[in-house]
Amino acid sequence: MTHTTVDSDEAARLRNEVVDRLVADGAISSPEVEAVMRKVPRHAFAPEATLEKAYAPYAAVITKTDAHGVQLSSVSAPQIQAMMLEQARVRPGMRVLEIGSGGLNAAYLAELVGEAGDVVTVDIDSTVTDRARRLLDEHGYGRVRVVCVDAAEPLDDLGAFDLVMVTAGAWDIPPAWTERLTSGGRLVVPLRMRGLTRSVAFVRVGGHLESESAFVCGFVPMQGSTAHQEELLLVAGTPEIGLRFDDGLPADPSLLDNAVTTPRVELWTGVEVGRGELVDTLQMHLAITLPGFCVMTVDPDLDTGIVAPSNKSFSLAAVDGADFAYLTVRRTEDDKGVEYGVHALGPTASGFAKIVADHVRDWARDRRGGPNPVIRVHPAGTPDEQIPADRVIDKVHSRISLAWPPA
């Protein structure tokens, strides 16, 4: 472990350098967020890291793991913090609740709300809140209130808030969060939907939440009563090929038992994307339209070549009865981008590959370059007829709807 105790001039240089880069990249767009990220010493809230690691623009600093090396707590990457602060639209005088403590983001929020505002940061882990309390006190943010609590439980004694910012990956939206929001208040949360995580900025509209923006992100998952584990289906009977389902396994997973014994079908879509082109809407399009949507991972140490995805750690996939398919890519002839293709295995793999390929082509025709779907959160039990949606995802406490805006 290396403590960041080198001279402050070097820290200031690195801090300004990363902020300059985030401004240039568009992650920072407001003078308020730019000012606080230049002012607050990020490295002071990440003493576990070297200065270089503390100020890496797109990397988090891990602050706690379990006995198996699973990440439990971290200081988010500067780019993620900037993105969420911009989504939050924090203004002086606001009351803000942060769920998931670390200290640094609470310091940013305290600067943004000013002396007239109020910041409360909570976490389920007392070692995390103790650390946050110590670091906030050491660096002049003693007025931030730090509470150890499971934030999914009722928070009546904390009052109402103009903003609730969640800094841990959430699978569900418990009533405690929406109940603490003022009318028109905002909830910014890394929300997992069908295995895809988006930082969503919601506004409370009457009895539901409605999204204003959603961006790709990744976060340490929520602990406590709202923790949720994906279900893993091992296709070949070993950990070589895993299909991860966020909302329950297929009705009869055993149908896939012999899929890997069939020849692999390969079908190219003709859909090409350039380097750096955002394809987050493709991910959401497939998640919405494919009933058996999942994410495929391949263990590189066990890989026998049964499947050949372009990304072994994260491939968009789907299951239909005894068949499964996944997306892959190959370089275009001019080497300026990639073309999407589909690999499928199973007794009727050719037909299923065509179905998935047609969905990719539909995206290219109807959704490419357009807006993300509108995400709405309704209380569990809300009737279908009250939810405008292309897909509804039922959670324990909420019904999350996804609806594409009119073309």
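Criteria and thresholds
Residues numbered from 1 in each chain as written. Predicted model: local features only at pLDDT ≥ 70, side-chain atom pairs only at ≥ 80, totals over all residues. Heavy atoms only, no water. Helix = DSSP H or I, 4+ residues; strand = E, 2+ residues; numbered from the N terminus. Rg over C-alpha atoms; globule rule 2.2 N^0.38 Å. Buried < 20%, exposed > 50% of the residue type's maximum accessible area, 1.4 Å probe, protein only. Areas by Shrake-Rupley, 256 points an atom, 1.4 Å probe, with all protein chains shown as cover. Lys, Arg positive; Asp, Glu negative; His and termini not counted. Charge placed at Lys NZ, Arg CZ, Asp CG, Glu CD. Axes fitted to C-alpha atoms, helices over the stretch in contact; angles between N-to-C directions. Parallel < 35°, antiparallel > 145°, perpendicular 65-115°, else oblique. Left-handed = near helix turned anticlockwise from the far one by under 90°. Contact = heavy atoms within 4.5 Å. Nonpolar A, V, L, I, M, F, W, Y, C, P; charged D, E, K, R; others polar. Salt bridge = Lys/Arg side-chain N within 4 Å of Asp/Glu carboxyl O. Arc of directions from axis to C-beta. Phe/Tyr/Trp six-rings, centres within 6.5 Å; stacked < 30°, edge-to-face > 60°. Lys NZ or Arg CZ within 6 Å of the ring centre and 35° of its normal. Pairing = 2+ DSSP bridges.

## Some thoughts on the overall build of the protein chain
Thought 1: A count of helices and strands for the protein chain gives 9 helices and 19 strands.
Thought 2: Its C-alpha atoms give the protein chain a radius of gyration of 22 Å, near enough to 22 Å, the size a compact globule of 407 residues would have.
Thought 3: Each of the three principal axes of the protein chain carries a C-alpha extent, and together these read 65 × 50 × 45 Å.
Thought 4: A total of 407 residues make up the protein chain; the buried ones form 52% of that total.
Thought 5: Counting every atom, the protein chain has about 17800 Å² of accessible surface; 51% of that belongs to carbon and sulfur.
Thought 6: Distance between charge centroids for the protein chain: 3 Å, based on 38 positive and 57 negative side chains.

## Topic: the packing of helix α1 (residues 8-25) against helix α2 (residues 31-39)
Between two packed helices, the angle of one axis relative to the other and the distance separating the axes together describe the packing.
Thought 1: α2 packs onto α1 with a crossing angle of 160 degrees between their chain directions and a minimal axis gap of 9 Å. With respect to their mutual orientation, α1 and α2 come out roughly antiparallel. Between α1 and α2 lies a crossing whose hand is right-handed. On the side of α1, the interface is formed by Arg 15, Asn 16, Val 19, Asp 20, Leu 22 and Val 23, while α2 contributes Glu 34, Met 37, Arg 38 and Lys 39.
Thought 2: Tallied by class, residues from the contact of α1 with α2 come to 4 nonpolar, 1 polar and 5 charged.

## Thoughts on the pattern of salt bridges
Thought 1: Within this structure, the stated rule accounts for 27 salt bridges.
Thought 2: Put simply, Asp 25 and Arg 21 hold a salt bridge, and the shortest N to O gap is 3.8 Å. Of this pair, Asp 25 and Arg 21 both sit in helix α1, 4 residues apart, which is roughly one turn of that helix.
Thought 3: Note that Lys 39 and Glu 111 form a salt bridge whose closest N and O atoms lie 3.1 Å from each other. Taken together, the residues Lys 39 in helix α2 and Glu 111 in helix α5 (residues 104-113) connect sequence positions 72 residues apart.
Thought 4: Taking relative accessible area as the criterion, Lys 39 reaches 51% and is therefore assigned exposed.
Thought 5: Overlapping salt bridges bring together Glu 10, Arg 13 and Glu 17 as one network.

## Here's the deal with α2
Since the α-helix turns once every 3.6 residues, residues separated by three or four places project in the same direction.
Thought 1: Buried residues of α2: Val 33, Val 36 and Met 37, and no others. Down the axis, α2 shows its buried residues gathered within 100 degrees of arc, on one side only. Opposite the buried face of α2, by more than 90 degrees, sit the exposed residues Pro 31 and Lys 39.

## Considering the packing of aromatic side chains
Thought 1: Within this structure, the stated rule accounts for 1 aromatic pair.
Thought 2: On the basis of an interplanar angle of 55 degrees and a centroid distance of 6.5 Å, the ring pair of Phe 45 and Tyr 141 is categorised as tilted. Placement of Phe 45 in the loop between α2 and α3 (51-54) and of Tyr 141 in the loop between α6 (126-138) and β5 (145-148) is noted, with a sequence separation of 96 residues between them.
Thought 3: Overall, the relative accessible area of 7% leaves Tyr 141 in the buried class.
Thought 4: Over the face of the ring belonging to Phe 161 we find Arg 95, whose NZ or CZ atom lies 4.4 Å from the ring centre.
Thought 5: Above the ring of Trp 268, the side-chain terminus of Arg 330 is found at 4.1 Å from the ring centroid.

## As for the sheet that holds strand β11 (residues 241-245)
Thought 1: Read across the sheet, 7 strands follow the order β10-β11-β13-β14-β15-β16-β12 without closing on themselves; strand pairing throughout is antiparallel. Edge positions in the sheet fall to β10 (231-234) and β12 (265-274), since each has one partner strand and no second. Taking the axes of each pair of neighbouring strands and ignoring which way they run, one obtains an average angle of 35 degrees across the sheet.
Thought 2: Sitting on the sheet, helix α8 (residues 280-289) touches β13 (293-298), β14 (315-320), β15 (323-331) and β16 (337-345), and the angle it makes with β13 is about 120 degrees.

## Quick word on the environment of Glu 17
Thought 1: Relative to the helices and strands, Glu 17 is located in helix α1.
Thought 2: A C-alpha to C-alpha distance of 51 Å links Glu 17 and Pro 253, two positions 236 residues apart in sequence.

## Focus on the environment of Val 307
Thought 1: Mapped onto the elements, Val 307 comes out in the loop between β13 and β14.
Thought 2: When the C-alpha positions of Val 307 and Ala 344 are compared, they lie 8.8 Å apart, and in sequence the two are 37 residues distant.
Thought 3: Residue contacts for Val 307: discarding those within four places in its chain leaves Ile 241, Arg 264, Met 296, Val 298, Phe 324, Tyr 326 and Leu 345.

## Structural notes on the pairing of strand β18 (residues 391-394)
Thought 1: Strand direction decides the pairing type here: β18 and strand β19 (residues 398-403), joined by 4 bridges, are antiparallel. By the bridge assignment for β19, Arg 391 is matched with Leu 402.
Thought 2: Between β18 and β19, which pair antiparallel and follow one another directly, the connecting turn spans 3 residues.

Bear in mind that shape data such as this cannot, by itself, settle questions of function.
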